Amino acid sequence: MAGDTLRAGIALALSGGGFRATLFHIGTLIRLNQLGYLAKLDRISSVSGGSITAGMLACRWNDLKANGFAEAELDRLVTQPLRLFCARNIDARAIAEGTISPWSSISDVVAREYDELFGQARLASLPDKPRTVFNTTNLQTGRDCRISKAYLADYRIGRIDAPNLSVGKVVAASSAFPPVLSPCIFDVDPAKWKRVDGADLFDNPRYKDTLTLTDGGVYDNIGLEPINDYETVLVSDAGAPFGLQAEAKTDPLGQLSRALDIATDQARGLRARSLIQLAKLRGQKAAYWGIDTPYDKYPAAGKIACSPAKTDGLRDIRTRLDAFSTFEQESLINWGYALCDAAMRSFVATTASPATSWPCPGHPLG
């Protein structure tokens, strides 16, 4: 492991978790920008609600860069549009419209909402650096289907270079939470697939003209796989923590739901633990902060004061795409900000000055 070749650069993963994740990751971006790391990113890997944040950042990256990543510009170009979007009821309206419409699926309706948010941007307009990789799950192969400006790829099928897709459609696939917002159907030209190592299904035409995609979190809710070999790996995780049940449900649907929760929690925990363990073996710099991470576990000095009475309940906020109140929005942004600061200054930016004020001062967590 110590001899593994690492890719030079800094990579960031933004987890799934609906609008809860979208807002939590805004706090992450604000603090990374203050620390000087946002402009240095080489790759961003996103899932579900994290893809909403990543999509907005990618669409506004060139304008941010032209304005020197000024805090006010990050707020104007990324934070405020996302906050307005997260104050709307997206999922219920999409379900209602998509269920009765003979022309549009639920996923189609969600994609239109995202297209409006992203100004009808297409993947070709996104920056080459950082490369933003939107993760989805291919229901046909059971594998991660990665979509970026450079390629669409499922390693069992192959790769399509420079896919002609809207950012909104891609984010809709990444956030197509099953079963209500899923699946998201992509019709593709079979002739555009290119063979890659390990593509055992490349010669099977049944997998090459239609992709049936669902939420990227089904396969990897942290979005770690596309970035785990970078020299510096940063993970912002707003995924749902595992809840105990003193009285377990015994009905068939209740048992099935609980079994899926257990499997998801184990997969999420395993990926997070392997990140830290492999980082030590490989000599990587790594920082992980999760919405349910105990704040006092981070050794950084001068952490901004946070009260468990105000932060513990944030991990239980819903993961829907419905209207989040000002209190919910600002509390989640502040929590992502505080945890990012604590993790970064503990393990990566160890000489950086502590955060001294909240990005959303109306709802401090101290």
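Keep in mind that what you see is a predicted model, and the values were worked out from it rather than measured.

Draft legend 1. Spotlight on the pairing of strand 9 (residues 230-237). Burial analysis of strand 9 places seven of its eight residues in the buried class, which makes it a mostly covered element. Two elements, strand 1 (residues 7-14) and strand 9, share six bridges in a ladder whose sense is parallel. When the bridges of strand 9 are listed, Ala13 appears paired with Val235. With six bridges connecting them, strand 9 and strand 10 (residues 285-290) associate as parallel partners. Bridge pairing in strand 10 places Val233 opposite Ala286.

Draft legend 2. Structural view of the environment of Glu328. Within the secondary structure, Glu328 is located in helix 10 (residues 326-347). Judged by its relative accessible area of 16%, Glu328 falls in the buried class. Between the alpha carbons of Glu328 and Ile317 there is a distance of 8.2 Å; along the sequence they are eleven residues apart. Filtering out sequence-adjacent residues up to four positions away, Glu328 remains in contact with Ile317, Arg318 and Ala323. Polar side-chain contacts of Glu328 include one of 2.9 Å to the backbone nitrogen of Ser325.

Draft legend 3. Quick peek at the side chain of Arg43. Within the secondary structure, Arg43 is located in strand 2 (residues 41-47). Within the buried core, Arg43 has no salt-bridge partner, and the shortest N-O distance to an opposite charge, that of Asp229, equals 6.3 Å. A polar contact is formed between the side chain of Arg43 and the backbone oxygen of Pro226, at a distance of 3.2 Å.

Draft legend 4. Fine view of helix 4 (residues 91-100). For helix 4, every residue scored as buried is listed here: Asp91, Ala94 and Gly98. Seen along its axis, helix 4 keeps its buried residues to an arc of 60°; they face one direction. Of the exposed residues in helix 4, those oriented more than 90 degrees away from the buried face are Thr99 and Ile100.

Draft legend 5. View of the packing of aromatic side chains. Evaluation of the coordinates by the stated rule reveals seven aromatic pairs. With centroids separated by 6.2 Å and ring planes inclined at 75°, the aromatic side chains of Phe19 and Phe324 adopt a geometry described as edge-to-face. Here Phe324 lies in the loop between helix 9 (308-311) and helix 10 and Phe19 lies in helix 1 (residues 18-34), a separation of 305 residues in the sequence. Like Phe19, the residue Phe324 is buried in the burial classification. An aromatic cluster is defined as three or more aromatic residues linked by ring pairs; in this entry it consists of Phe19, Phe85, Tyr114, Phe118 and Phe324. For Lys169, the ring lying beneath its charged end belongs to Phe186, and the centroid distance is 5.1 Å. Here the basic side chain of Lys297 rests over the ring of Tyr298, its NZ or CZ set 5.8 Å away from the ring centre.

Draft legend 6. Just unusual backbone geometry, in detail. For the peptide bond that leads from Lys129 to Pro130, omega is 0°, which places it in the cis range. Counting through the fold element by element, Pro130 comes out in the loop between helix 5 (106-117) and strand 3 (131-138). Cis geometry is adopted by the peptide bond preceding Pro183, which originates at Ser182 and carries an omega value of 0°. Along the chain, the position of Pro183 falls in the loop between helix 6 (167-174) and strand 7 (184-187). Backbone geometry places Ser48, a non-glycine residue, at a positive phi of 50°. Looking at Ser48, the relative accessible area reads 7%, which means it is buried. One non-glycine residue with positive phi stands out, namely Phe69, at about 55°. The topology assignment puts Phe69 in the loop between helix 2 (49-66) and helix 3 (71-85).

Draft legend 7. Molecular detail of the environment of Gln284. Mapped onto the elements, Gln284 comes out in the loop between helix 8 (252-282) and strand 10. Residue classification places Gln284 among the buried residues on the basis of a relative accessible area of 10%. Placed 53 residues apart in sequence, Gln284 and Glu231 show a C-alpha to C-alpha distance of 5.1 Å. From its side chain, Gln284 meets the backbone oxygen of Asn228 in a polar contact 3.0 Å long. At a separation of 2.6 Å, a polar atom in the side chain of Gln284 contacts the main-chain carbonyl oxygen of Tyr230.

Draft legend 8. Inspection of the packing of helix 1 against helix 3 at higher detail. Their axes nearest at 11 Å, the elements helix 1 and helix 3 cross at an angle of 175°. Taken together, the axes of helix 1 and helix 3 are roughly antiparallel relative to one another. Along its contact with helix 1, which presents Phe19, Thr22, Leu23, Ile26, Leu29, Ile30, Asn33 and Gln34, the element helix 3 presents Glu71, Leu74, Val78, Thr79, Leu82, Arg83 and Phe85. In terms of residue class, the contact of helix 1 with helix 3 is built from nine nonpolar, four polar and two charged.

Draft legend 9. Molecular detail of the pattern of salt bridges. In this structure the tally under the stated criterion is 22 salt bridges. Among the ionic pairs, Arg31 bridges to Asp341, the shortest N-O distance being 2.8 Å. You can see Arg31 sitting in helix 1 and its partner Asp341 sitting in helix 10, a full 310 residues away along the chain. A salt bridge links Arg159 to Asp161, with the nearest nitrogen and oxygen atoms 2.6 Å apart. Three or more residues are tied together by salt bridges with common partners; here these are Arg88, Arg93, Glu97, Arg112 and Glu113.

So, how was this worked out
Residues numbered from 1 in each chain as written. Predicted model: local features only at pLDDT ≥ 70, side-chain atom pairs only at ≥ 80, totals over all residues. Heavy atoms only, no water. Buried < 20%, exposed > 50% of the residue type's maximum accessible area, 1.4 Å probe, protein only. Helix = DSSP H or I, 4+ residues; strand = E, 2+ residues; numbered from the N terminus. Pairing = 2+ DSSP bridges. Contact = heavy atoms within 4.5 Å. Polar contact = N/O pair within 3.5 Å; in protein donor to acceptor, adjacent residues only side chain to side chain. Lys, Arg positive; Asp, Glu negative; His and termini not counted. Salt bridge = Lys/Arg side-chain N within 4 Å of Asp/Glu carboxyl O. Arc of directions from axis to C-beta. Phe/Tyr/Trp six-rings, centres within 6.5 Å; stacked < 30°, edge-to-face > 60°. Lys NZ or Arg CZ within 6 Å of the ring centre and 35° of its normal. Axes fitted to C-alpha atoms, helices over the stretch in contact; angles between N-to-C directions. Parallel < 35°, antiparallel > 145°, perpendicular 65-115°, else oblique. Nonpolar A, V, L, I, M, F, W, Y, C, P; charged D, E, K, R; others polar.

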